[in-house]
Every structure is written in C-alpha cells, then in structure tokens.
Amino acid sequence: VVEISKTYLDNDYFNFVLLAGAQLAMKSQESKDTKRFVKIANLILPGDHNIEEAVDLAMENRFQEEYLDQVLMLLAKEERTLCILCDTQEQCKRASAHLEEDYPGMKVKSVVFAETGEDDMEAVVNNINGYFPDLVLPLVSIEKQEKLLLVHKETLSTKLCISSETVPQYIFQEEKDEKESPVLVKWLKKHLGKGVLESEFWQKLNAEREQEK
C-alpha cells in the first residue's frame, strides 16, 4: 500500500486514502453522507485493531502506524511537502515541530481548521492550496474531514490526502505530568488500539457473516 500511495504522490490529480475504524464502518451504514465519504476514497485501509481483526490482517505492529510512518519517511527522503490540519494554532506548532524532528527533510506546513462553516472551509482550502502540498494529513475530527472532502474534494491542490478516524482522537492527548508532547508515530505505536473492543461492531459483523453462510 505504500507503493500504491507513492503512485498517488507521483500523479497529477487528487487521491484520497481512508484509514477506516469500527465506528466509521458502523456509521457508514446509517448516514448517507458518511457512505458518500467512504465511497470517494481511492483506497480504504484498516484504521484500528478491530478492522485489522475483521479482515484477518495479522501484523506484529499496528497497520495504521506502520503505514503512516512509511509514507512520512518517503516524503522526508524525497524532501516533499506535508500539510497538516489542526483545530488550533498551538496544536499546529506542536505537531509541526515533532514531525520535522522525526522526519528531517520533509517540509511541514500547517493550517488551522477550527470551524466548518462554508466560508471557514473555503479559507482552509485556500490556505492548503497556497502551499501546494504533496500530502494533506488532517489531525481534526472525522466529522470535519468528512465535510471538507465531500464539498471541496475537487478544489484541493494536493496529490494525496490521508484521512483517519482514530489518529485525531489520540494525537494531542498527553499525560499531565509529561513535559514534552509525544511525537506522532512513536506515541501512536504506544497508545493506539488499546481501547475497549467495539462490541456493537463485532455483533453486527458476526451477524452478517452468519447470514452469508
């Protein structure tokens, strides 16, 4: 999938990779907008451990973290530009500093995505397009990502957007006693995927599998 992502980075049009988790999988069965959001993805990948297990994907480490790490290393090696979307300017500064430290050579730009009004989203798109990034990585809620891409997918001047349901839930959480924020991928490897099993997701999945039999 990293090789596929590289082909996206090397072409001349917008591509969308979605790292889907259990909650998004369930919501897509109930919400027409979420279903449309999922359908516009060029590539859908496991976004949490529940989905990994559901598709019988066995890995020593978490798929999502490994994938993001490999793609960001590729950007750093080729000195490409990453644009992150965050809720606040302070989050932008923190994430940018850690990403630049972890992936030297990668150019990191940031855009504040605080509100989802039409004027606000147009401003976000204009700011993104001003950087001509190779990759856009939203570190905001999946609801914000959904609204942005459903309305402005055709006007984003980037080659690749990687959207995740679970990364924004964890990326800016930190222990109160820690003096420094954890870096992106290292922190995710330590914490992501250790939550309670999505029982509703598994109940629905098992019911569907029984019907298929």
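It should be noted that the structure appears before, not after, this text.
Residues numbered from 1 in each chain as written. Predicted model: local features only at pLDDT ≥ 70, side-chain atom pairs only at ≥ 80, totals over all residues. Heavy atoms only, no water.

### Comments concerning the sheet that holds strand E4 (residues 107-112)
The condition that has to hold: What makes two strands pair is DSSP finding at least two bridges between them. Counting from the N terminus, the helices are the DSSP runs of H or I reaching at least four residues and the strands are the DSSP runs of E reaching at least two. Interaxial angle, 0 to 180 degrees, is taken between N-to-C directions of lines fitted to C-alpha atoms, where a helix line uses only the stretch in contact. The contact criterion used is simple: two residues touch if any of their non-hydrogen atoms lie within 4.5 Å.
Strand order in the open sheet formed by six strands is E2-E1-E6-E5-E3-E4, with parallel pairing between adjacent strands. What marks the edges here is a single partner per strand, and that holds for strand E2 (43-46) and E4. Going across the sheet, the axis of each strand differs from the next one's by a mean of 20 degrees, ignoring polarity. As paired strands, strand E3 (residues 81-86) and strand E5 (residues 135-138) are joined by four bridges and run parallel to one another. When the bridges of E5 are listed, Leu82 appears paired with Leu135. Set on the sheet, helix H7 (residues 118-131) makes contact with E3, E4 and E5; between it and E4 the angle comes to about 165 degrees. Strand contacts of helix H8 (residues 142-152): strand E1 (15-20), E3, E5 and strand E6 (160-164), with the helix running at about 145 degrees to E6, the strand carrying the most contacts.

### A short note on unusual backbone geometry
Worth spelling out the cut-off: Relative accessibility under 20% of the residue-type maximum defines a buried residue, over 50% an exposed one, and the middle range a partly exposed one, all with a 1.4 Å probe and only protein chains included.
For Glu79, which is not a glycine, the phi torsion comes out positive at approximately 55 degrees. Positionally, Glu79 belongs in the loop between helix H5 (63-77) and E3. On the basis of relative accessibility, which here comes to 51%, the residue Glu79 falls in the exposed class. Phi at Phe132 is positive, roughly 45 degrees, even though this residue is not glycine. Assignment of secondary structure puts Phe132 in the loop between H7 and E5. On the basis of relative accessible area, Phe132 is assigned to the exposed category, the value being 62%.

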